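# Structural characterization, general
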Amino acid sequence: MSRSAHPAGPRHADVLPEGHYTPPPADLNALAAPVWPHTATRDEHGVLTVGGMSVVDLAAEFGTPAYFLDEADFRARCRAWREAFGDDADVFYAGKAFLCRAVVGWLREEGLNLDVCTGGELATALAAGMPPERIALHGNNKSTAELRRAVEAGVGRIVVDSFQEIARVAHLAAELGVRQKVQIRVTVGVEAHTHEFIATAHEDQKFGIPLAGGQAAEAVRRALKLDALELLGVHSHIGSQIFDTSGFEVAAHRVVGLLRDVRDEHGVELPEIDLGGGLGIAYTAEDDPKEPHEIAKSLGEIVRRECELAGLTVPRLSVEPGRAVSGPTTFTLYEVGTVKPLPQLRTYVSVDGGMSDNIRTALYDAEYSVALASRASTAEPMLSRVVGKHCESGDIVVRDAFLPADLAPGDLLAVPATGAYCRSMASNYNHVPRPPVVAVADGAARVIVRRETEEDLLRLDVG
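Residues numbered from 1 in each chain as written. Predicted model: local features only at pLDDT ≥ 70, side-chain atom pairs only at ≥ 80, totals over all residues. Heavy atoms only, no water.

## A short note on empty space enclosed by the protein
To keep it simple, the criterion reads: Both cavities and pockets are sets of points on a 1 Å grid over the protein atoms alone; in a cavity a 1.4 Å probe fits but cannot get out, in a pocket the set is open with protein on both sides within 12 Å along at least five of seven lines, and lining residues sit with an atom within 4 Å of a point. Grid points are joined across faces, edges and corners, and a volume is the space filled by probe spheres set on the points. Residues were grouped as follows: Ala, Val, Leu, Ile, Met, Phe, Trp, Tyr, Cys and Pro as nonpolar; Asp, Glu, Lys and Arg as charged; and all remaining residues, including Gly, as polar. Counting from the N terminus, the helices are the DSSP runs of H or I reaching at least four residues and the strands are the DSSP runs of E reaching at least two.
In total, this model carries two cavities of 30 Å³ or more according to the counting rule given. As a volume, the largest cavity reaches approximately 50 Å³. Contributing to the lining of the largest cavity are Y67, L69, F98, T330, T418, G419, R423 and V437. Residues that form the lining of the largest cavity fall into these classes: four nonpolar, three polar and one charged. Lining the second largest cavity are A217, V220, L258, D261, V262, E265 and H266. Counting only elements with at least two residues in the lining of the second largest cavity, the list comes to α7 (215–225) and α8 (246–266). When residues in the lining of the second largest cavity are grouped by element, the largest group, five residues, is from α8. Its residues assigned to classes, the lining of the second largest cavity shows four nonpolar, one polar and two charged.

This is the structure in structure tokens:
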């Protein structure tokens, strides 16, 4: 055997030892409320419904795999965030979670602002009629073309991420004869309790200008000297899928400390502070996310306390929920293709999607729930792994779940909490067209992002 080869044994696929996994739920047909969209329920036949429509009917009309979005839930979450923070704060929906023209329309109507981080996201926002002054542009490496378009459009703020970008934005604004509003993204050195790839406030990563070593203070000096820039304040983002606000407390303490130093050096009190987003949602029944009003109360108290200690006027607070708005509103519906029992290990359940429509399990070891959606079952639970159709052993949708032992090809499975980052990060791996996004409300469904076709793929292939 080659020394580089790994002998595949019974634990090669990360098999969980007996008793290690969470025991099966008492009722496999139950829908854990925090995980599913607000209108999700089962009808008298045990079929999953959303927005008053059966998934059996939805699958027949729109096919699988497909993302089904509860529009009433999405709008309600927008309102909850807006009302929780009130008129003295700004709520920016983080468009990277999921963005399309319909979503932009809902945000506009429900009173949320929008942050974007690429030219494509900005184009979508503008095309759907979001007022430019309600748009913020993020990104660690915005191109000159992206910055020019943002300045020309009149976006409400650009979050600058480097010394070079401060100069670049100032040059473009001067050339276009405008004074551009900016915030400085500061890396505060906070260790967020989340996956390494979605922690964004420790020093050794690509985002922001570090507080350490005085770099953030120098960025403020440069911005204040440039007439073409109006420095609104500072921005901090500590990571994603965070349940504990203690990290925000440390971040606020350090950001407010910078504002105090700015006042002492320049005689200027910057009027805004943005604490970013990253608040977690429930992917499984064990997750316990905070409600918007709890988060608003906690963050508001933290900022007020820190400003009082620093002798500063309390700045206007901004937050940027993305996943917390869109994530729980959507589930992905799949059809079962094969059911493959591996005695004394688990049963592999293959569906007609996979890592091309949800890369998060492979990328972040993300955990998801799953339910038999096309019927109820009284069969015994079986330990299962829901996998996709792609040519990768890591093509896993739900790593460990209990599904009914009578599961069969043709059954429909629903994976909830897929409204954030699943469609946004979807790919055409193995030349699989990306699924549609279908909004469901009040007994009606409409496609808001259509299914890709093989013709779409070939149209880009110019030979």
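## Overview of the side chain of D456
As a reminder of what qualifies: Only protein chains enter the accessibility calculation, which uses a 1.4 Å probe. A residue is then buried if its area is under 20% of the maximum for its type, exposed if over 50%, and partly exposed in between. Under this definition, polar contacts are N or O atom pairs within 3.5 Å; protein pairs additionally need one hydrogen-donor-capable and one acceptor-capable atom, and for neighbouring residues in sequence, both atoms have to be side-chain atoms. In what follows, a contact means two residues having at least one pair of non-hydrogen atoms within 4.5 Å.
Summarising the element assignment, D456 is placed in helix α12 (residues 454–460). Residue D456 is classed as buried on the basis of its relative accessible area of 13%. Only 2.9 Å separates the side chain of D456 from the backbone nitrogen of T453, close enough to count as a polar contact. A distance of 2.8 Å separates a polar atom in the side chain of D456 from a polar atom in the side chain of R459. Here D456 is in contact with R450 and R451, once residues within four sequence places are set aside.

## Observations concerning the sheet that holds strand β3 (residues 53–54)
Remark on secondary structure: sheet strands pair via backbone hydrogen bonds, oriented parallel or antiparallel. Note the threshold: Two strands form a pair only when DSSP identifies at least two bridges running between them.
On the basis of which strands lie adjacent, the open sheet formed by three strands has the order β1-β2-β3 and antiparallel pairing. Unpaired on one side and paired on the other, β1 (41–42) and β3 mark the two borders of the sheet. Pairing analysis gives two bridges linking β1 to strand β2 (residues 48–50), with the strands arranged antiparallel. When the sheet's bridge partners are listed, R42 is paired in β2 with L48.

Any link to function would need more than the numbers given here.
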